[in-house]
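For reference, the chains in residue letters:
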Amino acid sequence: MDFKYVPTTCPYCGTGCGFNLVVADGKVVGVQPWQRNPVNEGKLCPKGTYAWEFINHPDRLTKPLIKKDGKFVEATWDEAYKLIAQKFKSYKGDEIQCLSSARVSNEENYLMNKFARAVLKTPNIDHCARLCHASTVVGLAGTFGSGAMTNSIEDIGESKCVFVLGSNTFENHPLIGRQIMLAKKRGGKVIVADPRLTPTAKQADLFMQFHSGTDVAILNGLMQYIIKNGWENKDFIKNRTKDFEKLKEVVMKPDYALDKVSKISGIPEDQLKTAAEWIAKAESSNVLYSMGITQHTTGVDNVKSVANLQMLTGHLGKRGGGVNALRGQNNVQGACDMGALPNVYSGYQAVINPDFQKKMKEAWGVSDIAAGRVGYTVTEMVNVLADTPGKLKCLYIMGENPMISDPDLHHVEKGLKNAEFIVVQDIFLTETAQLADVVLPAACYAEKDGTQTSTERRVQKWRKAQDPPGEAKPDWQIICELAKVMGFEKQFPFKSPEEIFTEVAKVTPSYGGMDYVRLEKPEALHWPCPAKDHPGTPILHKEKFAHPDGLGVFTPIEFKYPAEVPDNEFPIILTTGRCIWHWHTGSMTRRSPDLAREEPTGWVEINDDDAKEWGIKDKEMIKAVTRRGEITIGARVTKGIKRGEVFIPFHFVECAANVLTNNALDPTAKIPEFKACALRIEKIKEA
Ligand code: SF4
């Protein structure tokens, strides 16, 4: 038997762990530790351990499919390309929307950005970062001038105080959770604020259980108490920031005195005092946050408040400090970096800036790139499709599954069914692919070379371990072949991901010094890496922030309640999230037998006192109902969730949490409020 080990990067969460794929006779048969990878040093969570199981699953798509009379029929690539090109050409650019993907490589995201703008002439391109960290990109760009995690993963283990806010790190980024434990072992304090007593919260020195959606009140309260005690970092504020007086005007209001904040958030006053003192007095303190604070109508406000706290205490630009936004999907950072967003080209170069328009036109060799207008986000796309039929007519979706991942699924379904022509490119026939007119079979991470960028801005390689099944092809190759059929062969001449990366580096300043040879080392490179002799940047903002004047900007933020709050009809707050065994819409983890066995279906977590009051027993099937819809789901009764709140994981189609969630959006980032809406529980009447 012919064996080989192929080092690559995990296709699941944004941590970016490395492992070896074990290949026997040309097929991937397992995962083995890769000790030399500095991110995880050979350790893996369950998802990483079983990241090989879905690769050769019999459900993999192997041939293009064209829907005829409501049924999919196998087709040749030529037939599929011809039909797609003919349809794409029949629409105006404005009538087409592309969705790129946080699961595919940087090279593929870059090409989708180029294909949308240079071939289809549409500004409408986005991806699921809109649903998880759009608020981070907007919020941190406003405060620091750069919208990404400031410090490295390894640096978290050096912190003297780790404040985890809205992140169940141990389940969602387990190998970052390892760094929290290392910080604790080295004498650092760990504070966790969450509505649920999660596995992360169980390890905290201080656990603050709060009502979902009250983050700004909590952060303003902490800042008021720090200022009242004179614990703010006066030198840092004076030398590195501006608009501190504006911040003070808001956070010093009586509304943010700790007794008031305690009433709003449900956190006892003495806990808030302890947290403020630990954060302010620590030699270094970082904030780790995730979708618990970003997925709100106040997502940008929450992120800016975190930045305010860290500037107030001077915990930025140094070891053990930082604002560390933990990004959910393997390459959600890279998809943003590569311009799979409606407002920027790769490297966050604004599409409305004439200099960047000119630069891209020249680099791509085209005269028109749909410039001048910011396109629709994913969330706007659904609203336009559902509410103004005929405005958007055609969708090209690569590796996304909005039929599970987006809020208010009935609304999403209505929208997608209003589209005239949908192309989906994926590895499985997902819930979204089932609604498509043409489905193109794609290669998965183990079947192609490429790069992905993890949450800590580390650009790492995928290495091909086996051939794709049947006639499936890598996404980059499909886009190039489609571009050729559309008449753009000259602009898409690429024969390998490496050739694409060379173009990425040319037009993207933060990747300018990277190439495949430099990225071959296990430690790879952190962006920004603007020149060939630049070592990369594990810690951002060491001397100055990324604004032209080098200063961080304090932004005063007032607390606002979520868009939908409990009332008599819907008296409970629903919050949603992930679990350790599954990943996003479950298309890969639910096809991994070892993961599926651990958590075969969804559940609703209910506080035990609430359950007693409502007459609900553990494991009882109940109905969860919101203004958007209802699902039937099993109850999991626990002390670990605050009274008046319930939690549902969103991976499971048969009890899809997103049937219930609210598509109210943050006004700037357009991220939906997945983390708080009003719900009621109904008992199922026996027949
Ligand atoms: Fe993969 Fe994330 Fe687990 Fe690491 S922590 S093995 S990147 S899922």
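In this convention, every chain numbers its residues from 1, walking through the sequence in written order. In keeping with the model being predicted, local features are shown solely for residues with a pLDDT of at least 70 and side-chain atom pairs are shown and tallied solely at 80 or more, while totals for entire chains, interfaces and linings include all residues. Calculated side-chain values reflect all of the structure's heavy atoms, with hydrogen atoms and water omitted.

> Can you explain the packing of aromatic side chains? Please cite residues and give values.
The criterion for an aromatic pair is that two Phe, Tyr or Trp rings (for Trp, the six-membered ring) have centres within 6.5 Å, with stacked assigned to planes under 30 degrees apart, edge-to-face to planes over 60 apart and tilted to the rest. Per the stated rule, a full pass over the model turns up 20 aromatic pairs. Here Y345 and W364 contribute two aromatic rings whose centre-to-centre distance is 6.2 Å and whose plane-to-plane angle is 90 degrees, an arrangement assigned as edge-to-face. Of this pair, Y345 sits in strand β14 (residues 344–345) while W364 sits in helix α18 (residues 354–364), and the two are 19 residues apart along the sequence. Each of the two residues, Y345 as well as W364, counts as buried. Residues F559 and Y561 carry aromatic rings whose centres are separated by 4.7 Å and whose planes lie at 70 degrees to one another, so their mutual orientation is edge-to-face. For every residue, the accessible area obtained with a 1.4 Å probe (protein chains only) is divided by the maximum for its type, and the residue is called buried under 20%, exposed over 50%, and partly exposed between those limits. Using a relative accessible area of 52% as the deciding quantity, one classes Y561 as exposed. Whether a charge lies above a ring is judged from NZ of Lys or CZ of Arg, which has to be within 6 Å of the ring centre and within 35 degrees of the ring normal. Here K189 stacks its cationic end above the ring of W278, 4.8 Å away from the centre of that ring. A run of H or I in DSSP becomes a helix once it reaches four residues, and a run of E becomes a strand once it reaches two; helices and strands are each numbered from the N terminus.

> Tell me about the sheet that holds strand β1 (residues 3–9), and name the residues and values.
Two strands make a pair as long as DSSP finds a minimum of two bridges between them. Here we have 3 strands laid out as an open sheet, ordered β1-β2-β3, and antiparallel in their pairing. Looking at the sheet topology across the chains shown, the edges are occupied by β1 and β3 (27–33). Looking at each pair of strands side by side, their axes are set apart by 35 degrees on average, direction ignored. Interaxial angle, 0 to 180 degrees, is taken between N-to-C directions of lines fitted to C-alpha atoms, where a helix line uses only the stretch in contact.

> Tell me about the side chain of H547, and name the residues and values.
By secondary structure assignment, the location of H547 is in the loop between β21 (525–526) and β22 (552–553). Think of a polar contact as two N or O atoms within 3.5 Å of one another; within protein, one of them needs to be a possible hydrogen donor and the other a possible acceptor, and neighboring residues in sequence only count if both atoms come from side chains. At 3.2 Å, the side chain of H547 forms a polar contact with the backbone oxygen of T143. By definition in these notes, contact holds between two residues if any of their heavy atoms fall within 4.5 Å. Once residues lying within four places of it in the same chain are set aside, the contact partners of H547 are A141, G142, T143, F144, G145 and V553.

> Give a description of helix α16 (residues 299–312) that names residues and reports values.
In a regular helix each residue adds 1.5 Å, so 14 residues correspond to 20 Å; α16 covers 20 Å between its end C-alpha atoms and thus fits that length. Within α16, 14 of the 14 residues are buried, which leaves the element mostly enclosed by the surrounding structure. Positioned one or two residues after α16, G314 has a phi angle of 70 degrees, which is positive. The span expected for a helix works out to 1.5 Å for each residue beyond the first.

> I'd like to hear about the pairing of strand β17 (residues 421–426), residue by residue, with values.
With respect to burial, β17 is a largely interior element, 6 of its 6 residues being buried. Burial of β17 is two-sided: the residues F421, V423 and Q425 facing one way and the residues I422, V424 and D426 facing the other way are all buried. Of the strand pairs in this sheet, strand β16 (residues 394–398) and β17 are connected by 5 bridges, and their pairing is parallel. Residue pairing for β17: I397 is matched across the bridge by V424. When β17 meets strand β18 (residues 438–441), the two strands line up parallel, connected through 4 bridges. Note on β18: the bridge partner recorded for Q425 is L440.

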